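Architecture at a glance
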Amino acid sequence: MLQLKGRINSSNVMKALWVLEEIGLDYEREDVGGAFGKNHEAPYLNLNPNGRIPTIIDGDLVLWESNSVVRYLAATHSAGTLWPTDPAARARCDMWMDWQLTELVHGMVPVFHGLIRKTPEERDMDAIAAARDDWAGKWRILDDHLSRNTYIGGDTFTMADIPIGPLAYRWYELPIEREDFTHLHRWYDLICTRPAFQKHCMTGLS
Ligand SMILES: N[C@@H](CCC(=O)N[C@@H](CS)C(=O)NCC(=O)O)C(=O)O
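Inspection of the entire model under this criterion finds ten aromatic pairs. With a centroid separation of 4.6 Å and an interplanar angle of 25 degrees, the aromatic rings of tyrosine 172 and tyrosine 188 are classed as stacked. With a gap of 16 residues between them, tyrosine 172 in helix H6 (residues 161-173) and tyrosine 188 in helix H7 (residues 182-191) connect regions that are remote in the sequence. When its relative accessible area of 6% is taken as the criterion, tyrosine 188 is described as buried. If you follow arginine 170 out to its NZ or CZ, it ends over the ring of phenylalanine 112, 3.6 Å from the centre. Arginine 194 extends its terminal NZ or CZ atom over the ring of phenylalanine 157, reaching a point 3.6 Å from the ring centre.

This is how it looks when you write it as structure tokens:
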């Protein structure tokens, strides 16, 4: 059976949990990372030398990098649906998935960690405000894209929606100022109707 290593309150682990639920695959999960530790010890580092979560093991395959995990599971269990078979359609999904990891995540990390994981004494409110502004600028780009597309990959729900969903939940749940991004909100409302998203991603902030 597929093994997933990672704590459930990590946005990167949520991606794996969400796609596993969407495709209906059985798996075993072990808490790793954060307060659970183990990710900087040799057995885990032998699997994932970055010491980051998630990591999956599927037979002989050891795979890390959350968006690669989403791509692999979508390709092997949902080709033609979550994983578009048309190369151009798939490339559009890949583009937004890469954008999530290289652009969208940067604003989120200081805001989320600053407000949720740090103590009030540790908090740098100026840094949080600057990161929020950066984050909002990225959401504006997606809002514009969603003014012309129902989902991130186009007309249907695909793997491209999965990496962005957990970050959107944080954007809408954190106690921060939010611009009125109409198209982003319309897409987020759609995502929130999915039972797999509700189960694994709409789980509070911790
Ligand atoms: N690019 C990596 C980033 C993974 C990452 O930063 N994971 C965080 C949790 S969201 C982590 O491992 N934090 C250390 C910990 O939980 O102890 C991916 O997408 O998988």
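Before going further, it helps to examine the domain arrangement of the chain. In terms of domains, the chain is made up of domain 1 (2-77) and domain 2 (87-200). Its C-alpha centre places domain 1 at a distance of 21 Å from the equivalent point of domain 2. Summed over both sides, the interface between domain 1 and domain 2 buries roughly 1700 Å², with carbon and sulfur atoms accounting for 62% of that surface. Its largest share of buried area at the contact with domain 2, domain 1 owes to Trp18, Asn67 and Arg71, together 39% of the area lost on that side. The interface formed by domain 1 and domain 2 holds four salt bridges in total. As a salt-bridge pair, arginine 71 and aspartate 94 come within 2.7 Å of each other at their nearest N and O atoms.

Our focus in this paragraph is the nonpolar core. Core analysis: the biggest nonpolar cluster contains 60 residues, and Trp135, Trp139, Leu142, Trp171, Leu184 and Trp187 have the highest contact counts within it. Sorting the residues of this core by element identifies strand E1 (2-5), helix H1 (11-23), helix H3 (66-77), helix H4 (87-117), helix H5 (125-146), H6, H7 and helix H8 (195-200) as the ones contributing at least two each. Among the elements that take part in this core, H4 stands out by supplying ten residues, more than any other. Domain assignment of the residues forming this core places at least three in each of domain 1 (2-77) and domain 2 (87-200). Each residue touching tryptophan 187, except ones within four places of it in the same chain, is listed here: Leu146, Thr150, Tyr151, Ile152, Asp161, Ile164, Gly165 and Ala168.

This part takes up the packing of H5 against H6. Packing of H5 against H6 leaves a shortest axis separation of 12 Å and a crossing angle of 125 degrees. Taken as axis vectors, H5 and H6 run oblique relative to one another. Read as a crossing pair, H5 and H6 show a hand that is left-handed. Two secondary-structure elements touch here, H5 through Arg132, Trp135, Ala136, Trp139 and Leu142 and H6 through Ile164, Leu167, Ala168, Arg170 and Trp171. Of the residues belonging to the contact of H5 with H6, the class tally is eight nonpolar, no polar and two charged.

The rules behind each value
Residues numbered from 1 in each chain as written. Predicted model: local features only at pLDDT ≥ 70, side-chain atom pairs only at ≥ 80, totals over all residues. Heavy atoms only, no water. Phe/Tyr/Trp six-rings, centres within 6.5 Å; stacked < 30°, edge-to-face > 60°. Helix = DSSP H or I, 4+ residues; strand = E, 2+ residues; numbered from the N terminus. Buried < 20%, exposed > 50% of the residue type's maximum accessible area, 1.4 Å probe, protein only. Lys NZ or Arg CZ within 6 Å of the ring centre and 35° of its normal. Domains from an automatic or database assignment. Buried area = accessible area lost by both parts, 1.4 Å probe. Salt bridge = Lys/Arg side-chain N within 4 Å of Asp/Glu carboxyl O. Core = buried A, V, L, I, M, F, W, Y, C linked by side-chain atoms within 4.5 Å. Contact = heavy atoms within 4.5 Å. Axes fitted to C-alpha atoms, helices over the stretch in contact; angles between N-to-C directions. Parallel < 35°, antiparallel > 145°, perpendicular 65-115°, else oblique. Left-handed = near helix turned anticlockwise from the far one by under 90°. Nonpolar A, V, L, I, M, F, W, Y, C, P; charged D, E, K, R; others polar.

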